[in-house]
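Chain by chain, the residues run as shown.
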Amino acid sequence: MHQVVFDPTKVMDIDFTKRTEYLEGLDAIKAAHKVLKEIPFTPSRPDKGYNNRTLYVNVGTLEVQEKPVTQQMKDVFIGGRGFGLWHLWNAVKPTTRWDDPENEIIISPGPVAGITQYAGTGKSLVVSLSPQTDIPIDSNVGGYFGPLLKFSGFDALELQGKSDRDIILFIDGQKGLIRIEEAPLDPIDSHVLAEVLTHMYAENEADRVNISVVCTGAAAEHSLIGMLNFSWYDHRRGCIRLKQAGRGGIGTVFRNKRIRALVCRGPQVKGDLNHVADFETIAKTGVKYHKEIRENDPHQCMMRRNGTAHIVEIMDAYDLLPTHNFQYGSHPDVPKISSSYWQQRCTQKTVDGCWYGCSMACAKGADGVMLKTGPYKGHMVTVDGPEYENAAGLGSNCGVFDPDYLLELNFYCDTYGICTITYGTLTAFVMECYQRGILNQERTGGLEMIWGNAEADLEMMHQMARGEGFGIIAGQGVKKMKAIFIKNGWGDPQLINDIGMENKGLEYSQYMCKESLAQQGGYALTNKGPQHDEAWLIFMDMVNKQIPTFEDKAEALYYFPLFRTWFGLNGFCKLPWNDVVPSDNSKQPEAHKIPEHVQNYVDLFTATTGIKIDKDELIMQSARVYNFQRIFNIRMGKGLRKDDHAPFRALGPVTTEEYLSRQERYDKQIVDEMGLDPATMSLEEKMAAHRTWRQGRYEKLTDAVYQRRGWTPNGVPTLARLKELGLDAFPEVVEVVKQHL
Amino acid sequence: MRQLRINLNKCDAGRKTCHHECEASCAEKVFKLSDPAMAALHIREMADGSGQAVLCDQCGDCIVVCPAEALKRNKLGVVMIDKKLCVGCYMCIGFCDKEIFERNPAWLEPYKCTSCGICVKACPHAALEIVEVPEPPTRII
Ligand code: SF4
Ligand code: SF4
Ligand code: SF4
Ligand code: SF4
């Protein structure tokens with residue numbers, strides 16, 4: 001594999017402290033704030049990772065309540081995503097939809113979150129009923145909010161109800177105040193709003209690092225794909241930075257509740273605020289890991305230089321980079337948007353962790369970006385990223401290979417509050433529909449959505465933010481667009497369904513999985529829909545070739561979704577687990593699990609909570625929450641086998657062009673796998689044979705995975721599995737399952 | 001900037017004619033500790049009898065990685081830690097390739113050499129010196 005060499009002399013000379021400022025109207029905005037409710041609370045610090053209370057706020061009735069964290073909650077749900085799902089379960093009914101007042105947004109960091117000694121320990125998990133999928137969505141996000149919330153005294157924040165005016169919830173962990181303010185004049189887009197609020201709520205310059213803002217943007221109001229930005233103050237740059245809880249439309253729920261922003265002001269961070277059970281172990285594990293990054297990162301992934309964009313060229317080289325709506329896996333223009341470019345474009349002389357102590361520091365930023373379109377045209381901004389998903393989703397998947405436009409698309413997605421992954425996939429779908437005549441200029445209201453037309457792409461996004469034109473339709477997401485296009489009779493329904501890359505209503509993230517059976521399952525056999533948070537197996541399967549057999553793949557689809565769920569229970573980032581590995585990793589048994597790092601996590605959990613676990617109990621902790629989430633889906637009317645089907649584009653070649661682009665590989669499979677002779681078959685016959693074989697293979701995988709997970713052939717966790725996990729202690733959970741056995 | 005240097009030809013790493021007064025004096029006078037292992041420099045005798053010194057050269061790499069801007073050069077160019085700002089992440093420790101940014105389990109904040117020169121005075125063989133050298137350019141770490 002080609003290893004990009006970092007050359008410091010090639011990094012662009014850009015002043016990373018300069019950008020457009022938005023503080024002019026601050027005084028007027030502040031003066032317009034009206035306090036609707038203010039109540040005191042007693043700030044506390046966690047003990048062994050837990051404060052043992054959560055904060056409930058109803059933004060409609062203005063009820064504010066502290067709730068105890070029970071021992072059962074900690075035993076079964078651990079924290080983070082587990083707490084979020086448990087609160088949500090108790091808040092909603094099977095008939096609840098995303099825009100009902102009882103739907104909640106829960107933010108919880110997890111017990112380990114907030115330690116500063118290990119990389120990737122500042123995550124918040126956000127859970128809500130998704131407007132796209134109607135089932136729980138969970139998102140893992142950086143930024144300082146979760147840890148600061150915890151160091152103010154709460155293990156989770158539960159938001160319920162709907163306000164009739166725009167409000168800001170301010171949690172002051174220094175003074176012990178919770179305040180709900182009406183915010184009539186506040187700007188909406190995140191890069192402006194987070195800056196304004198950080199300055200408004202910080203008492204002085206040094207206090208800005210103690211502020212984190214959660215907010216979204218204009219497009220979240222007019223689409224179903226809104227996301228939440230979580231901020232932190234980057235003192236070196238002198239600006240706010242944003243990380244995204246992207247998937248599933250939580251930003252849309254946020255604006256539907258008319259929450260403008262959440263602001264947490266935490267205490268000044270020190271290394272011991274999480275008050276862990278065994279600091280020495282955490283310190284030693286952290287230092288060992290930091291050294292590993294120093295020694296290995298420069299010749300492994302170069303995360304500190306490239307962030308996650310380092311895999312753009314690897315995916316391209318292995319024919320896995322989604323190109324033109326997941327039709328192809330590579331493109332000759334990829335070098336323009338690969339890491340060798342981004343490492344020159346991103347600022348290198350600064351610190352890029354999204355929480356203290358992250359030595360992996362993948363949160364790269366491109367400074368000095370001059371915007372060419374939209375409401376901020378002519379402004380100079382800092383763009384967070386671009387991460388791999390953005391380069392692939394907004395870039396190759398839509399045929400956009402101009403890095404400046406890519407940065408602009410990335411910027412506007414972020415500030416408008418929409419998920420870059422979702423936007424990339426839905427735009428790729430729109431473009432393919434346009435190229436195939438399912439859409440045309442009349443249907444798009446004049447947008448010429450051909451491959452690579454970044455200007456039309458940006459205009460569609462600006463429309464989404466303004467709530468206008470075709471942007472409104474696109475903002476409904478792929479699933480609803482498919483239904484609209486089919487209903488309007490704009491194209492062949494089968495083709496539209498085959499090429500619309502969604503499952504359960506959620507858009508696929510940016511890996512071309514046609515040739516990776518493991519990743520096909522990794523995407524569609526998931527709880528929340530196709531994303532790479534749960535089972536990113538494509539690299540293992542196709543690049544490292546660590547799971548060659550069918551059984552290996554089924555086992556991987558048991559183990560990794562559980563293993564990775566655990567990060568979300570505790571407030572960890574996934575990247576430090578396998579984006580750097582110990583030098584001797586390949587010599588270890590089960591190298592693909594990175595055994596030394598698994599042990600680090602076991603040690604960090606035990607050292608934080610004082611509860612002794614091993615690597616098997618780690619998986620059991622996840623399995624409880626994972627199966628609970630599956631049952632939650634079933635309770636909401638999904639979560640069965642019918643919901644785990646994949647669009648055919650995810651499984652194999654839909655069109656003749658796709659077949660011909662890989663004819664040799666596909667013909668060989670006809671011989672080797674199907675025992676047929678391609679020489680005697682027409683192209684149509686060969687494609688039909690592939691469809692049957694590939695769908696059959698996927699069904700067989702589904703059977704094997706369900707069995708390994710302890711589920712029925714319909715995808716329902718069995719009573720025996722519930723008993724094994726202790727979930728039989730919850731009669732209402734058992735009740736849901738019983739109806740499907 | 002002030003930098004601590006050693007002449008290993010003069011230093012008696014093997015303790016035949018000194019008691020590593022450098023380490024003892026640093027631990028005692030700088031950090032108020034009786035354990036010389038807690039000094040901000042280490043002198044070791046290698047298997048072949050030669051000496052090895054682990055010293056901070058004030059390279060500034062740790063400044064670059066500190067997420068809290070708790071490390072800065074003072075007027076003399078010496079890299080100093082501001083304990084009020086330090087968040088105890090220990091990235092400075094992990095990224096010091098001389099392995100001389102260290103921690104004392106009893107303290108939250110790590111410690112490093114301040115080029116104060118106390119060890120220089122304590123050395124009976126005048127093996128150590130404080131020299132004035134130009135600040136190296138900031139590296140991308
Ligand atoms: S530097 Fe001086 S005091 Fe220290 S070990 Fe060497 S000779 Fe002894
Ligand atoms: S402690 Fe290490 S990284 Fe920091 S200045 Fe000294 S030698 Fe350099
Ligand atoms: S431990 Fe303190 S001085 Fe060292 S890098 Fe972290 S914050 Fe900076
Ligand atoms: S110069 Fe001062 S701080 Fe540095 S090793 Fe010598 S005595 Fe210790």
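Worth saying up front: this structure is predicted, and the values here are computed from it rather than measured. (Residues numbered from 1 in each chain as written. Chains lettered and ligands numbered in written order. Predicted model: local features only at pLDDT ≥ 70, side-chain atom pairs only at ≥ 80, totals over all residues. Heavy atoms only, no water.)

**A few points about the overall build of chain B**
1) Next: Helix and strand content of chain B: four helices and six strands.
2) Next: In chain B, the succession of helices and strands from N to C terminus is β-α-β-β-α-β-β-α-α-β.
3) Next: What you see for chain B is a C-alpha radius of gyration of 15 Å, in line with the 14 Å of a compact globule of 141 residues.
4) Next: Projecting the C-alpha coordinates of chain B onto the three principal axes gives extents of approximately 45 × 35 × 30 Å. (Helix = DSSP H or I, 4+ residues; strand = E, 2+ residues; numbered from the N terminus. Rg over C-alpha atoms; globule rule 2.2 N^0.38 Å.)

**A short note on the interface of chain B and chain A**
1) Next: Taken together, the contact between chain B and chain A spans 29 residues of the former and 30 residues of the latter.
2) Next: Together chain B and chain A conceal approximately 2400 Å² of surface at their shared face, both sides included; 57% is due to carbon and sulfur atoms.
3) Next: Salt-bridge contacts for Lys 291 of chain A lead to Glu 99 of chain B; the nearest nitrogen and oxygen are separated by 2.9 Å.
4) Next: Where chain B packs against chain A, one counts 18 residue pairs in polar contact (both at pLDDT 80 or more).
5) Next: Secondary structure elements with two or more residues in the side of chain B that touches chain A: helix H2 (61–65) and helix H3 (91–95) of chain B.
6) Next: Residue composition of the side of chain B that touches chain A, by class: 19 nonpolar, three polar and seven charged. (Contact = heavy atoms within 4.5 Å. Buried area = accessible area lost by both parts, 1.4 Å probe. Salt bridge = Lys/Arg side-chain N within 4 Å of Asp/Glu carboxyl O. Polar contact = N/O pair within 3.5 Å; in protein donor to acceptor, adjacent residues only side chain to side chain. Nonpolar A, V, L, I, M, F, W, Y, C, P; charged D, E, K, R; others polar.)

**Here we look at the domain arrangement of chain A**
All names here are of chain A.
1) Next: Partitioning chain A into structural domains gives domain 1 (8–14 + 301–507), domain 2 (33–265) and domain 3 (517–580 + 614–738).
2) Next: Here domain 1 and domain 2 have C-alpha centroids that lie 26 Å from each other.
3) Next: Between domain 1 and domain 2, the buried area comes to about 3600 Å², and carbon and sulfur atoms account for 54% of it.
4) Next: In terms of surface lost to domain 2, no three residues of domain 1 exceed Cys 354, Trp 355 and Tyr 356, which account for 20% of the buried area on that side.
5) Next: Counting across the domain 1 and domain 2 interface gives five salt bridges.
6) Next: With a closest N to O distance of 3.1 Å, Lys 243 and Glu 387 form a salt bridge.
7) Next: Counting the contacts that link domain 1 with domain 2 gives 26 residue pairs in polar contact (both at pLDDT 80 or more).
8) Next: For the side of domain 1 that touches domain 2, the elements supplying multiple residues, two or more each, are strand S14 (365–370), strand S15 (380–384), helix H13 (403–416), helix H14 (420–435), helix H15 (454–466) and strand S17 (506–507).
9) Next: If you tally residues by element for the side of domain 1 that touches domain 2, the top one is H13, at five residues.
10) Next: Its residues assigned to classes, the side of domain 1 that touches domain 2 shows 20 nonpolar, 15 polar and ten charged. (Domains from an automatic or database assignment.)

**Thoughts on the sheet that holds strand S1 (residues 34–40) of chain A**
Residue and element names in this part refer to chain A.
1) Next: With respect to topology, seven strands assemble into an open sheet ordered S1-S9-S8-S13-S10-S11-S12, the strand pairing being mixed. Looking at strand neighbours, the two that pair on one side only are S1 and strand S12 (239–245), the edges of this open sheet. On average, each strand axis in the sheet is tilted by 20° relative to the strand beside it, whichever way the strands run.
2) Next: Bridge count between strand S8 (residues 167–172) and strand S9 (residues 177–182): six bridges; the pairing is antiparallel. Considered in S9, the bridge of Leu 169 is made with Ile 180.
3) Next: In the packing of helix H4 (residues 145–152) onto the sheet, contacts are made with S8, strand S10 (211–215), strand S11 (228–234) and strand S13 (259–265), and the angle to S13 comes to roughly 60°. (Pairing = 2+ DSSP bridges. Axes fitted to C-alpha atoms, helices over the stretch in contact; angles between N-to-C directions.)

**Some remarks on the side chain of Arg 19 of chain A**
Residues and elements named next belong to chain A.
1) Next: Position of Arg 19 among the secondary structure elements: in the segment before helix H1 (26–32).
2) Next: Within the structure, the side chain of Arg 19 is placed 2.6 Å from the backbone oxygen of Phe 16, a separation counted as a polar contact.
3) Next: Residues contacting Arg 19, with those up to four places away along its chain left out, are Arg 237, Gly 238, Cys 239, Asp 367, Met 380, Val 381 and Thr 382.

**Description of the packing of helix H27 (residues 663–672) of chain A against helix H28 (residues 683–709) of chain A**
Residue and element names in this part refer to chain A.
1) Next: With their axes 10 Å apart at the nearest point, H27 and H28 run at an angle of 65° to one another. Between H27 and H28, the interaxial angle falls into the category roughly perpendicular. For H27 against H28, the interelement crossing comes out left-handed. Contact residues: Gln 663, Tyr 666, Asp 667, Gln 669 and Ile 670 in H27; Lys 686, His 690, Trp 693 and Arg 694 in H28. (Parallel < 35°, antiparallel > 145°, perpendicular 65-115°, else oblique. Left-handed = near helix turned anticlockwise from the far one by under 90°.)

**Section: the sheet that holds strand S2 (residues 53–58) of chain A**
Residues and elements named next belong to chain A.
1) Next: With respect to topology, six strands assemble into an open sheet ordered S3-S2-S7-S4-S5-S6, the strand pairing being mixed. The sheet terminates laterally at strand S3 (64–68) and strand S6 (136–141), the two strands that pair on one side only. Direction aside, neighbouring strands of the sheet carry axes that sit 20° apart on average.
2) Next: Direction of pairing for strand S4 (residues 105–108) relative to strand S5 (residues 124–129): antiparallel, over a ladder of four bridges. The partner of Ser 108 across the bridge, within S5, is Leu 125.
3) Next: Sitting on the sheet, helix H3 (residues 81–91) touches S2, S4, S5, S6 and strand S7 (157–160), and the angle it makes with S5 is about 25°.

**A look at the pairing of S11 of chain A**
Residue and element names in this part refer to chain A.
1) Next: When you tally the buried positions in S11, you get seven out of seven residues, the bulk of the element.
2) Next: Alternating residues of S11 divide into Leu 228, Phe 230, Trp 232 and Asp 234 and Asn 229, Ser 231 and Tyr 233, and every residue in both groups is buried.
3) Next: Sheet topology places S10 next to S11; two bridges connect them, and they run antiparallel. Bridged to Cys 215 within S11 is Asn 229.
4) Next: Relative to S12, S11 is paired through seven bridges, and the arrangement is antiparallel. Bridge pairing in S12 links Tyr 233 to Ile 240. (Buried < 20%, exposed > 50% of the residue type's maximum accessible area, 1.4 Å probe, protein only.)

**Regarding helix H12 (residues 388–395) of chain A**
All names here are of chain A.
1) Next: Counting buried residues along H12, eight of its eight residues qualify, which places the element largely inside the surrounding structure.
2) Next: For H12, the full list of buried residues reads Tyr 388, Glu 389, Asn 390, Ala 391, Ala 392, Gly 393, Leu 394 and Gly 395.
3) Next: Elements that come into contact with the buried residues of H12 comprise helix H10 (312–317), helix H11 (339–345), H13 and H14.

**Some details on the nonpolar core**
One broad rule of soluble globular proteins: the nonpolar side chains tend to lie buried together.
1) Next: Core analysis: the biggest nonpolar cluster contains 281 residues, and Leu 157, Leu 262, Phe 485 and Tyr 601 of chain A together with Leu 41 of chain B have the highest contact counts within it.
2) Next: By residue number, the principal contributor to this core is helix H21 (residues 550–570) of chain A, which donates eleven residues.
3) Next: Counting eight residues, the second largest nonpolar core, distinct from the first, contains Tyr 659, Tyr 666, Ile 670 and Met 681 of chain A. (Core = buried A, V, L, I, M, F, W, Y, C linked by side-chain atoms within 4.5 Å.)

**Concerning unusual backbone geometry**
Residue and element names in this part refer to chain A.
1) Next: We note that Asp 319 has phi near 65°; this positive angle belongs to a residue other than glycine.
2) Next: One non-glycine residue, His 324, lies in positive phi territory at about 50°.
3) Next: Structurally, the position occupied by His 324 is in the loop between H10 and H11.
4) Next: Judged by relative accessible area, which is 16%, His 324 ranks as buried.

**Details of the side chain of Arg 649 of chain A**
Residues and elements named next belong to chain A.
1) Next: Take Arg 649: it is sitting in helix H25 (residues 648–651).
2) Next: With relative accessibility at 1%, the residue Arg 649 sits in the buried group.
3) Next: Looking at Arg 649, its side chain comes within polar contact range of the main-chain oxygen of Asn 325, at 2.8 Å.
4) Next: Residue contacts for Arg 649: discarding those within four places in its chain leaves Asn 325, Phe 326, Gln 327, Glu 432, Arg 436, Asp 498, Ile 499, Met 501, Lys 514, Val 654, Thr 655 and Glu 658.

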